[in-house]
Amino acid sequence: MQGRDAELRRIELMLDDALRGESGALLLHGEAGIGKTALLDHAAARAQGLRVLRVEGIESEMELGFSGLHQLFLPVLQVLDRLPAPQAQALRSVFGLVDAPVRDRLTVALAALSVLAEAAADMPLLCLVDDVQWLDQPSVDVLAFAARRLRAEGVAMLFAARGDSPGGTARALPRLHVTGIDRTAAAALLPGLAPPVAERIIDQAHGNPLALRELSAALTPAQRSGQLGPLALPEAPSALPSRLQEALAERIHRLPEATRRILAVAAADDTGDLAAVLTAAARTGGSVDDLAPAERAGLLAVSGAGLRFRHPLVRFAAYRGAPLAERIAAHRALAETLDGAGHAHRRAWHLAAAATGPDERVAAELERVAEWAGSRQAMASASAAYERAAQLTADPALRARRLIGAAQRASEAGQDERCGALADQVPQPLQDPGMAADFARVRAVVELGFGSPARAARILAEGADATAAERPDKLPVLLTDAVHAAFATGDAALIAQIAARAPALPVLAVPSHAFADTAATRREDGDAAADGDAAADGVSAAPAASAVPTVSAVSAASAASAASAVSNARQPLAELVAACDRTEVSLMDRLMTGHYCHLLADHATAHRVASAAVAHCRDRGVGGWLPTTLHLLAQVELALGRRDDARSHATEALRLADYYDLHHRVAHLRALLAVLAAARGEEDRTRELADRALEYTRPRGVGRGTSDARWALGLLDLGSGQGQRALDRLAAARDAAGHPLMARHLLPDLVEAAVRAGRPERAQAPAEALAACADALRQPAIGAQSRRCRALIGPDTRAEEHYLAALDLHPADDGFERARTELLYGEWLRRQRRKLDARDRLRAALERFDRVGARPWVRRARTELRAAGGHHDPALAADSPIARLSPQEREVVRLAATGATNREIATQLLLSPRTVGHHLYRAFPKLGIGSRTQLADLLNG
């Protein structure tokens, strides 16, 4: 290992950590031949006291879902018996050990994490994953998932990937760029060369160890002694990989023809199984004796256990250097050899590699492979199989169906860009209405991932229009998906126009009534966006003109219209809720029902429906929808004042959305978490989350996400006393939200910001809109906020009446909103020179703010209390014990306090049970307790 001191130190530290029970992961990346595999070999050689698991990615095996994970776990499969039954079943299924579908890929990922933790409990582990760029994508996803979550298990994971900037799932791993060795180390690898020759080789190799060896090995004896002609080593060489491939190709070309032919078979094989290679080679006239020249040349190693090329570039050179006819013959021979049921997938891919034109028999086999992979949540592999099947299909309609299948699976694998490329290949026009409906959903997914939710909604609505007559059964799912996409835009007119296509459908009847006043109108493009952008930059801007009723346009007539619309929406919503309670609806219908209840401020029912949707996803393994249902649940919990629960569920949802590559949902969740952070005064975190959310939402017209992010920034300013800046940001948030019903939660903040900014005239419209909402919705929490705002903008003679009415209406568990009313009431009392009364209200506000961790509001209440001549005992406002913990410890402790086991906590937080135990071990001393039985009393005390 010449010239690799720094890399070796890093690796040996990881090995030492694993022996001490700590876990770590590292991705080595660099150009081909730079020495990544040699570093993995060194780690394996130094792994005394650790069990070594190893897998090598093989290009021809990339499309076989979970093949890499299976190979890695083969030595420890016995630990499957220790896993929770659903996890063990999932791994046995993806490994082909049982014939059962897998409902959710997250279960597979958690199972892999559990396998590593359980195996390491017997003996610390070193996992070596070479050539990640050629490992099948489902295996890469699962291993990267596990690597990011291992903490205290005693597992060291070393990955190696080709490239200066690895992408995909592995990009999130800690990385070490392996670069060329220096000239001194390079010279040590070139013994026996004349100095001028060595210098030329070193110049050409750029510190690449494999290049040093292969370029020198390609020299003739005369050249090694110094007799270099002008063409022996070009002065202006081609790119290094090309030179390496040329050198390796030259070495292989020197071998006997029979050896080159058997090397082509071995290179086409993806198992390294010597018996299979020899059996296939015999079909082309080869024998074991033909391997000997390649062994003597050091190009491959053969043992009773198998056959292995010395380097992936050797395999590549052996395969690409063979004539096309020989490569086809090799794949056919391997397909004939792999004739058992256990090899059906490899057989299908070898047949596909041997095909030179359309072949329906092979295409059908590949489609069966795709269906199997899809049922095991290996969606990237399923997509690849559908795509190759389509390439081998002559019939246009059948080809279109297979391409649509490939695009759908690519979308489910998080490969939105590839999904779009596959969709572009679908031959048009589609004659089958059902297929056209499926294609509309594929295009909408692409649009939602790369474009705007408004365009996605229109694609789905137009698809419904085109297929309604012949395939009415497709209408509900297309229009429900369309409304769901339209809700993300904040464009009530678009929502109403979609709902109007089938108002008799229960799931569309609610928005059809709720937004009836907007069905014939559309927002003027650009005005509201310009206003929002100006305000987001801290510039005061006048409200934008809009055809959709906005807060600033509320009048008595529009208030009456809103009340009528809400009243008309209640009956179909009650029917939807009843159907949800009877579990008679789809997950999407349940999700939209929760949204509608939240929209109409029936938060208690929304919480019940959202909780049931989350449970549905957890129980049935519908992991891809879990982030969306958790997001709804967190939104409702925020509205109910259950801020800790909201933060916990939003954080879980963000982890899952990131895992599933749901960028749209990630942006929404960052905005929601920014709102929660703003109330706590976490300025840096609020700005980071809000800014990252806006980077995604603003260019794509995601109005609701934009509104939430700007709400967070406005709330942060309001809490810190920046009234004018808060007003500008909140006005921008209101305009992004659009319809008054969807901007309702912003109205109390807008009123308070306007008053604190000295702009009472700008408080009037939102206060009237809030009053209209309170009258229409008839929910106590909304009524409390409305009465508080009326106290703020009304005459002093009625202020106390409104404040007391608000306090009577506030739900008992919404401490933050009640504290805000008490603060404003206390400020008013102090201004009325009623200092004794003011102190009681301000002290109550301060203590409530302190309990929910709203630090800016604590400071405001404390300042007001002092101004009223009162004092506050800091001992009464000590931080909750849980505040002493790290965020991860806090989540673990919160769940442990509910009675959840370490395994249950690990599943929810995407950790291993051992890491959960480690967090509890660290948390107990900080909390001053000795066992988990004390947690519930401590945290509820």
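Residues numbered from 1 in each chain as written. Predicted model: local features only at pLDDT ≥ 70, side-chain atom pairs only at ≥ 80, totals over all residues. Heavy atoms only, no water.

J.: Would you take a moment to explain the pairing of strand β7 (residues 306-309) for this structure?
T.: Two faces belong to every sheet, and in a regular strand the side chains alternate between them. Sheet topology note: the strand β6 (residues 300-303)/β7 ladder contains four bridges and is antiparallel. Following the sheet pairing, valine 302 is matched in β7 by leucine 307. (Pairing = 2+ DSSP bridges. Helix = DSSP H or I, 4+ residues; strand = E, 2+ residues; numbered from the N terminus.)

J.: Where do I start with the pattern of salt bridges in this structure?
T.: Opposite charge on two side chains lets them pair, provided their charged atoms get close. Enumeration over the complete set of coordinates arrives at 58 salt bridges. Taking the shortest distance from any N to any O, the salt bridge between arginine 642 and aspartate 813 comes out at 3.8 Å. In this pair, arginine 642 sits in the loop between α31 (626-640) and α32 (643-659) while aspartate 813 sits in the loop between α41 (796-809) and α42 (815-831), placing the two residues 171 residues apart along the sequence. Residue arginine 642 is classed as partly exposed on the basis of its relative accessible area of 33%. Taking the relative accessible area as the measure of exposure, aspartate 813 reaches 40% and is therefore partly exposed. Taken together, the salt bridges that share partners define one network made up of Asp749, Glu752, Arg756, Arg788, Glu817, Arg820, Glu827 and Arg860. (Salt bridge = Lys/Arg side-chain N within 4 Å of Asp/Glu carboxyl O. Buried < 20%, exposed > 50% of the residue type's maximum accessible area, 1.4 Å probe, protein only.)

J.: Would you mind showing me how to read the packing of aromatic side chains here?
T.: The geometry of an aromatic ring pair is captured by the separation of the ring centres together with the interplanar angle, meaning the angle of the planes. The final tally for this structure, using the stated rule, is nine aromatic pairs. Taking the centre distance of 4.9 Å and the plane angle of 65° together, the rings of phenylalanine 145 and tyrosine 659 count as edge-to-face. In this pair, phenylalanine 145 is assigned in helix α6 (residues 137-149) and tyrosine 659 in helix α32, connecting sequence segments 514 residues apart. What makes tyrosine 659 buried here is its relative accessible area of 7%. Taken together, the aromatic side chains of Phe145, Tyr659 and Tyr660 make up a single cluster linked through ring pairs. (Phe/Tyr/Trp six-rings, centres within 6.5 Å; stacked < 30°, edge-to-face > 60°.)

J.: Would you take a moment to explain helix α40 (residues 780-793) for this structure?
T.: Residues spaced three or four apart along an α-helix face the same direction, because each turn holds 3.6 residues. Here α40 spans 20 Å end to end across 14 residues, near enough to the 20 Å set by a 1.5 Å rise per residue. Within α40, 10 of the 14 residues are buried, leaving the element largely enclosed by the surrounding structure. Among all positions in α40, only Ala781, Ile782, Gly783, Ala784, Gln785, Ser786, Arg788, Cys789, Ala791 and Leu792 are buried. Its buried side turned inward, α40 meets α38 (747-756), α39 (764-777), α41 and α42. (Expected span 1.5 Å × (residues − 1). Contact = heavy atoms within 4.5 Å.)

J.: Would you mind showing me how to read the packing of helix α18 (residues 360-375) against helix α20 (residues 396-412) here?
T.: Helix-helix packing is characterised by the crossing angle of the two axes and by the distance between the axes. Contact pair α18 / α20: the axes reach a minimum separation of 12 Å and the direction vectors enclose 25°. Between α18 and α20, the interaxial angle falls into the category roughly parallel. As for how α18 packs across α20, the hand of that crossing is left-handed. The segment α18 lies against α20, with Glu360, Ala363, Ala364 and Glu367 engaging Leu398, Arg401 and Arg402. Looking at the contact of α18 with α20 residue by residue, the classes come out as three nonpolar, no polar and four charged. (Axes fitted to C-alpha atoms, helices over the stretch in contact; angles between N-to-C directions. Parallel < 35°, antiparallel > 145°, perpendicular 65-115°, else oblique. Left-handed = near helix turned anticlockwise from the far one by under 90°. Nonpolar A, V, L, I, M, F, W, Y, C, P; charged D, E, K, R; others polar.)

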